[in-house]
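If you want the building blocks of each chain, they are given just below.
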Amino acid sequence: LPSKLPTGKTSIFSVMSSLAREHKAIDLSQGFPNFETDNHLKELVCKAMKDGYNQYPPMNGIPELREQIVSKIENLYGKKYNEASEIVFTAGATQALYCAITAFVHPGDEVIVFKPAYDSYEPDIKLAGGKPVLIELKGKDFKIDWEEVEEKITSKTRMIVINTPHNPTGTVLSKSDMLHLEKLLRDTNIILLSDEVYEHLIFDEEEHQSASKFPGLAERAIVCASFGKTFHNTGWKMGYCVAPEVLMKEIIKFHQATVFCVNHPMQRAFAEYLKNPDHYLSLGNFYQEKRDKFLELMQGSKFKGTPSKGTYFQVMNYSEITDEHDVDFAKRLITEYGLATIPVSVFHKDGKDHKQLRFCFAKTDETLEKAAEILHKL
Ligand code: PMP
Ligand code: GLN
């Protein structure tokens, strides 16, 4: 049968996680914490189940959770979304991204994606018949060259995808970046897809620049978020997106056709848990300490990198050790040293190898110590 995604491959995250399991390796590859989600949150889920919230919730989510999120966004970013018509809960941010892309990208449309990029955007664009237009982030700080973006915008450009804080580089977009983008998109019909799943994982006094904060962006933006990243439960696959009503109306059609609605008891639990803002506002400091711990442990090793400013990833260069391709080196690290990482080439245009590995530092101190001990042997 002809494949609808002939270039689709098993994601590097699955490949590395299963190799890590097979070799019982210390796993700093796929992005997930190896510590537990809050017991109180688990109890709230159990309570919701016991209280009988076990049937379909409303398609776009329960009103209590919609209200919580809408007021959280208003408090943090000053933008008030309509809780009835401008938000939908999804099976992780992945489903929100999928619905957003398939709802608006028509065959032949161009979608600008910055590389390196998270691996779900391009397949979604191709499935919709669209053409990813890839623009490289520039320099060691992975900056967007806005002049190049302006040059690449054509009458066919339907959408631009941004991701801040950025997976895998750990860089963040600045206010000036967002203002540039706002100016560039003025008087166009281009939709902005803003992947903000790491919005609370931001360090060194940086402020998250949500697309919601900028009126000229918010009016055309679909902003995606993930509870998995924020509340240490990636396996629950809970997320959402917000967008102006005219866009959300279309997204909802795809949500309805793909899952219809998502986990009811978890929505009940989050609606309660989110009443305490400390549960997400403390996250930046928490992960900054993890990052600092990891970088301190790596001092004196042959791995070199610029400290991550957000996400729970740290990219490091290994060219002092070997000139092997990063995929080969990452596999050898698992099989010979018992340590799993992600080769950064998989995020790059044409899989270009920059001799870099991505380390997930959302791990217990003990795991980070064991990992560093191994890495110092190289
Ligand atoms: N976007 C980015 C940049 C990610 O790193 C991830 C998670 N790995 C997702 C989206 C998907 O999030 P979720 O697990 O909530 O589907
Ligand atoms: N976002 C996670 C990462 O970058 C992986 C999620 C997935 O495997 N789809 O590691």
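Residues numbered from 1 in each chain as written. Chains lettered and ligands numbered in written order. Predicted model: local features only at pLDDT ≥ 70, side-chain atom pairs only at ≥ 80, totals over all residues.

Novice: Outline the sheet that holds strand E11 (residues 342–343), listing residues and values.
Specialist: Taken together, 3 strands build an open sheet; the order of strands is E9-E12-E11 and the sheet is antiparallel. Bordering the open sheet on either side are strand E9 (313–317) and E11, each of which pairs with just one other strand. Where E11 and strand E12 (residues 356–360) come together, 2 bridges link them in antiparallel fashion. Bridge assignment links Pro-343 to a residue of E12, and that residue is Leu-357. (Pairing = 2+ DSSP bridges. Helix = DSSP H or I, 4+ residues; strand = E, 2+ residues; numbered from the N terminus.)

Novice: Please provide a residue-by-residue account of the packing of helix H3 (residues 63–77) against helix H11 (residues 264–273), values included.
Specialist: Across the interface, H3 lies against H11 with an axial gap of 8 Å and an inter-helix angle of 40°. In terms of orientation, H3 lies oblique with respect to H11. Regarding H3 and H11, the two cross each other, and that crossing is left-handed. Here Glu-64, Leu-65 and Gln-68 of H3 lie close against H11, whose contacting residues are Gln-267, Phe-270 and Ala-271. (Axes fitted to C-alpha atoms, helices over the stretch in contact; angles between N-to-C directions. Parallel < 35°, antiparallel > 145°, perpendicular 65-115°, else oblique. Left-handed = near helix turned anticlockwise from the far one by under 90°. Contact = placed C-beta atoms within 7 Å.)

Novice: Break down the site of ligand 1 for me, citing the residues and quoting the values.
Specialist: Within the structure, ligand 1 sits among 13 residues, and Gly-92, Ala-93, Thr-94, Tyr-118 and Ser-226 are positioned closest to it. In terms of residues, the shell around ligand 1 owes the most to one element, helix H4 (residues 92–104), which gives 3 residues. Residue composition of the shell around ligand 1, grouped by class: 3 nonpolar, 9 polar and 1 charged. (Near = placed C-beta within 6 Å. Nonpolar A, V, L, I, M, F, W, Y, C, P; charged D, E, K, R; others polar.)

Novice: Run through the site of ligand 2, naming residues and quoting values.
Specialist: Close to ligand 2 lie Ser-11, Phe-13, Gln-30, Gly-31 and Asn-167. Taken together, the residues that form the shell around ligand 2 break down as 1 nonpolar, 4 polar and no charged.

Novice: I'd like a description of helix H13 (residues 283–298), backed by residues and values.
Specialist: The terminal C-alpha atoms of H13, which comprises 16 residues, lie 23 Å apart, in line with the 22 Å expected from a rise of 1.5 Å per residue. Along H13, the positions that sit buried rather than exposed are Leu-283, Tyr-287, Lys-290, Arg-291, Phe-294 and Met-298. Considered in projection along H13, the buried side chains sweep an arc of 95° and stay on one side of the axis. Seen from the buried face of H13, the exposed residues on the opposite side, beyond 90 degrees, are Asn-285 and Glu-296. The elements touched by buried residues of H13 are helix H9 (227–230), helix H12 (278–281), E9, E12 and helix H15 (365–376). Gly-300 sits one or two positions beyond H13 and adopts a positive phi of about 90°. (Expected span 1.5 Å × (residues − 1). Buried ≥ 20, exposed ≤ 12 C-beta atoms within 10 Å, placed from the backbone. Arc of directions from axis to C-beta.)

Novice: For the packing of H4 against helix H10 (residues 245–258), give the residues involved together with the corresponding values.
Specialist: Two numbers describe how H4 lies on H10: the axes approach to 8 Å, and their chain directions differ by 120°. By the angle class used here, H4 and H10 are oblique. You can see that H4 and H10 cross each other, and the crossing is right-handed. For the pair formed by H4 and H10, the contact residues are Gln-95, Cys-99, Ala-100, Thr-102, Ala-103 and Phe-104 on the first element and Glu-250, Ile-251, Lys-253, Phe-254, His-255 and Thr-258 on the second. A per-class count over the contact of H4 with H10 returns 6 nonpolar, 4 polar and 2 charged.

Novice: Before we move on, could you go through the environment of Ser-120 and cite the residues and values that matter?
Specialist: Following the sequence through the fold, Ser-120 ends up in the loop between strand E3 (110–115) and helix H5 (121–127). For Ser-120, a count of 16 C-beta atoms within 10 Å gives the class partly exposed. On a C-alpha basis, the gap between Ser-120 and Leu-97 in space is 8.1 Å, while along the polypeptide they are 23 residues apart.

Novice: I'd love a proper account of the sheet that holds strand E7 (residues 221–226), names of residues and values included.
Specialist: As summarised here, the arrangement of the 7 strands in space is E2-E8-E7-E6-E5-E3-E4, forming an open sheet in which the pairing is mixed. Among the strands making up the open sheet, the edge pair consists of strand E2 (87–90) and strand E4 (131–136). The average angle at which neighbouring strand axes cross in this sheet is 20°, direction not considered. In the sheet, E7 pairs with strand E8 (residues 239–242) via 4 bridges, with the strands oriented antiparallel. For Cys-224, the partnering residue across the bridge sits in E8 and is Cys-241.

Novice: Quick rundown of the domain arrangement of the protein chain? Include the residues and the values.
Specialist: Domain annotation for the protein chain reports domain 1 (12–30 + 282–376) and domain 2 (39–276). Taking only C-alpha atoms into account, the centre of domain 1 sits 26 Å from that of domain 2. Each partner contributes to the interface: domain 1 provides 21 residues, whereas domain 2 provides 23 residues. For the side of domain 1 that touches domain 2, the secondary structure elements donating two or more residues are H13 and E9. Split by residue class, the side of domain 1 that touches domain 2 holds 9 nonpolar, 8 polar and 4 charged. (Domains from an automatic or database assignment.)

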